[in-house]
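What follows is the residue order along each chain.
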Amino acid sequence: MNPNAETSETVLGDVRTALATVASGLDGRFVQAGAALASAYDIVERLLSSLEGVTNALDREAAEAAIGNMRAAADSLARLPHIQGERRGALKSIGDATKALRDHVAQIQRTLSFLRICGLNIMVAAAGAEEFSGFAETMFAQLDLGSGQLAGFEREAARLLAEVTNMAEAEKRLATECNHIIPEVPLKLANDAVALQRYQGDAAALAGRIADVARVIRTKLATALGAIQIGDITRQRLEHIADGVGTLTAFLDEHRPKAPDAAEAVENRIVALLTAQIEDATADFLREAHSLNRNLRGIAPDADRLLALKSDTAPEADGQSFLRRLEQDIANIQTVTSQLRHAEEQTDRLGSATSAIAESLAQRLNIVRHVQSDVEQMAWNTGLRCRRMGEDGLALAAIATEIRQFSTNLGIVSGQISQTFERLSTAAGAIRGREEQGDKIDAGRTLAESLSSIRAGSERMQHSLDSLDGEASAMVAMLRETADNVNCEAEIGRTLGVAAAQLATLAERDAELPEEAAALLDTLFDDIASTYTMAREREVHRLVTGRGEENDASIAEDIASDEDLFEDALF
């Protein structure tokens, strides 16, 4: 056997074994690294999502509502002395008007009693005369109706005065409390509202800084995911080169004994192609692997920056964050606001009771006026009948005149009641008007809403920041392990360099290509080219062999297809 043939077979066998070994190792290293990078990318995506939770921990609408509630409560508390002054004035007006009405009612009751006496006198003076006795009985019925209405009003007025008295006592207690809380509490609420607004801005700024770092990490991971494809690309190229070595070996086994010179010439050109492919694949691998390693090593410091940002803004040593302290401040004001709420409820009840009594009084007063008109009319009719009786009717006429005078007095007192009634209605309207205008203190409700919003925001904020520790630490450990796994440029570069050098020794002979070997070489070139899956392989093939210019468009399409493949791999 030709010694050169033996050397060639040994070299080709060694190179093929070395390429297969490297390809297998790359597959193990880079598939695992790709899975780790994809996992790290998912971590960053979750981290960014969590950062949105930080940004929205006090979402703008809820935070603005909480701030507005605190400011409204502070404003209401600051106006409390003025509101109390108006309420005390209304209470005094209601009390004074009610007392005046009771005095007027007492006058009417006395007048009705005198009228009853007059009725009895008529019955005595008439000595049983039927028409005068009927007059007296009818008048008694009207007086009973009026007395019943007045008795009902007395009961209602007594309840109203008791309500006013209770309200006045509550106002005194509230005034004492106001002396303790004003102006300190309204000022504290207003300051807390400003602090909450500032805190919201600080939280958003913090989230923004952390998110910026996270996006840098995500960009580097995307770049690394693109670079990690060099492992699969290089593996495929090495497998294709190994297949080319196998194709060449099979060709030599068949053709060298028959035409050794032609076989050696074909071998020379095929080896040159395979050597160029190894050198190009090695250069690409070393370049991309170096970039990959640099990116992986550069991500860990960014992850450390995330943890540093979180540590710089950690809660105080006593574990009380700003939101927790603010929540406690508002909770401490609840005692005061509950008293304010109770005072408002009493005011509402008093306004309703006053209006109800005013309406009842108007109805009862109309009935009393009808009684007064009927009694006065009966007195006039009695007087006219007495005149026809001459001297026998003089006593009855005198009593009828006295009844008319009492009726007139009853009308005068009714008019005074109408004026007092107007004062009572005005006072009731003043209290109810404040209720309808929404000017009452409802700090308890608004602060409760703020408490709920702040508590929810605090919990979401803490959860979002706490997630930074575990996620960032896990990512750092994963990336460091991945960097160690893919740190193989030197080892693989040496192995591939040796393989290329070994092949190059076979290509040093520049034998002329016999004419009969040209067709065989073309067939081998086509067989080897049919295994390519990478545009770069075809490009190297064309540069070495000068064949394939007609396939430039196809190569361009393959390059575009490869780029799409890389983009898909990134996400």
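Keep in mind it's a predicted model, so treat the numbers as computed, not measured.

Caption draft 1: The overall build of the protein chain, seen in detail. Helix and strand counts for the protein chain come out as 14 helices and zero strands. Going from the N terminus to the C terminus, the protein chain shows its helices and strands as α-α-α-α-α-α-α-α-α-α-α-α-α-α. A fraction of 92% describes how many contacts in the protein chain between residues 6 or more apart in sequence connect residues 24 or more apart.

Caption draft 2: Region of interest: the side chain of threonine 545. Position of threonine 545 among the secondary structure elements: in helix 13 (residues 535-545). Using a relative accessible area of 19% as the deciding quantity, one classes threonine 545 as buried. A polar contact of 2.6 Å, which involves the side chain of threonine 545, links it to the backbone oxygen of histidine 541. Threonine 545 has contacts with Leu273 and Phe525, leaving out every residue within four places of it along the chain.

Caption draft 3: View of the pattern of salt bridges. Counting across every chain of the model gives 13 salt bridges. A salt bridge links arginine 237 to aspartate 280, with the nearest nitrogen and oxygen atoms 2.9 Å apart. One end of the pair, arginine 237, is in helix 6 (residues 229-255); the other, aspartate 280, is in helix 7 (residues 260-312), and 43 residues separate them in sequence. Summarising the burial analysis for this pair, arginine 237 and aspartate 280 share the class buried. Taking the shortest distance from any N to any O, the salt bridge between arginine 542 and glutamate 539 comes out at 2.8 Å.

Caption draft 4: Region of interest: empty space enclosed by the protein. Taken as a whole and assessed by the stated rule, the structure comprises one cavity of 30 Å³ or more. There is about 50 Å³ of room inside the largest cavity. In terms of lining, the largest cavity is formed by Val105, Ile108, Gln149, Leu150, Phe153, Leu361, Arg364, Leu365, Val368 and Ile417. Looking at the lining of the largest cavity, the elements that each hand over two or more residues are helix 3 (80-125), helix 4 (130-181) and helix 8 (322-388). The leading source of residues in the lining of the largest cavity is helix 8, at four residues.

Caption draft 5: Representation of the packing of aromatic side chains. Tallied over the full model, the rule gives one aromatic pair. On the basis of an interplanar angle of 70 degrees and a centroid distance of 6.0 Å, the ring pair of phenylalanine 30 and phenylalanine 285 is categorised as edge-to-face. In this pair, phenylalanine 30 is assigned in helix 1 (residues 3-55) and phenylalanine 285 in helix 7, connecting sequence segments 255 residues apart.

Caption draft 6: Structural context of the environment of leucine 309. Residue placement: leucine 309 occurs in helix 7. On the basis of relative accessible area, leucine 309 is assigned to the buried category, the value being 18%. Taking the C-alpha atoms as reference points, leucine 309 and isoleucine 210, 99 residues apart in sequence, are found 6.9 Å from one another. Beyond its immediate sequence surroundings of up to four residues, leucine 309 is in contact with Leu206, Arg209, Ile210 and Val213.

Caption draft 7: Structural view of the confidence of the model for the protein chain. With 74% of its residues at a pLDDT of at least 70, the protein chain reaches an overall mean of 75. Within the protein chain, helix 13 carries the highest mean pLDDT (94), whereas helix 14 (residues 552-570) carries the lowest (45). For residues 551-556, every residue scores under 50 in pLDDT, and the model assigns this stretch four contacts once sequence neighbours within four places are set aside.

Caption draft 8: Structural detail: the packing of helix 6 against helix 13. Running from N to C, helix 6 and helix 13 cross one another at 45 degrees; their axes reach a closest spacing of 10 Å. Comparing the axis directions of helix 6 and helix 13 gives the class oblique. Between helix 6, through Gln236, Arg237 and His240, and helix 13, the contact on the second element is made entirely by Arg536, Glu537 and Val540. Its residues placed into classes, the contact of helix 6 with helix 13 shows one nonpolar, two polar and three charged.

What counts and what doesn't
Residues numbered from 1 in each chain as written. Predicted model: local features only at pLDDT ≥ 70, side-chain atom pairs only at ≥ 80, totals over all residues. Heavy atoms only, no water. Helix = DSSP H or I, 4+ residues; strand = E, 2+ residues; numbered from the N terminus. Contact = heavy atoms within 4.5 Å. Buried < 20%, exposed > 50% of the residue type's maximum accessible area, 1.4 Å probe, protein only. Polar contact = N/O pair within 3.5 Å; in protein donor to acceptor, adjacent residues only side chain to side chain. Salt bridge = Lys/Arg side-chain N within 4 Å of Asp/Glu carboxyl O. 1 Å grid on protein atoms, 1.4 Å probe; cavity = no way out; pocket = protein on both sides within 12 Å on 5 of 7 lines; lining within 4 Å. Points joined across faces, edges and corners; volume = space filled by probe spheres on them. Phe/Tyr/Trp six-rings, centres within 6.5 Å; stacked < 30°, edge-to-face > 60°. pLDDT = per-residue confidence, 0-100. Axes fitted to C-alpha atoms, helices over the stretch in contact; angles between N-to-C directions. Parallel < 35°, antiparallel > 145°, perpendicular 65-115°, else oblique. Nonpolar A, V, L, I, M, F, W, Y, C, P; charged D, E, K, R; others polar.

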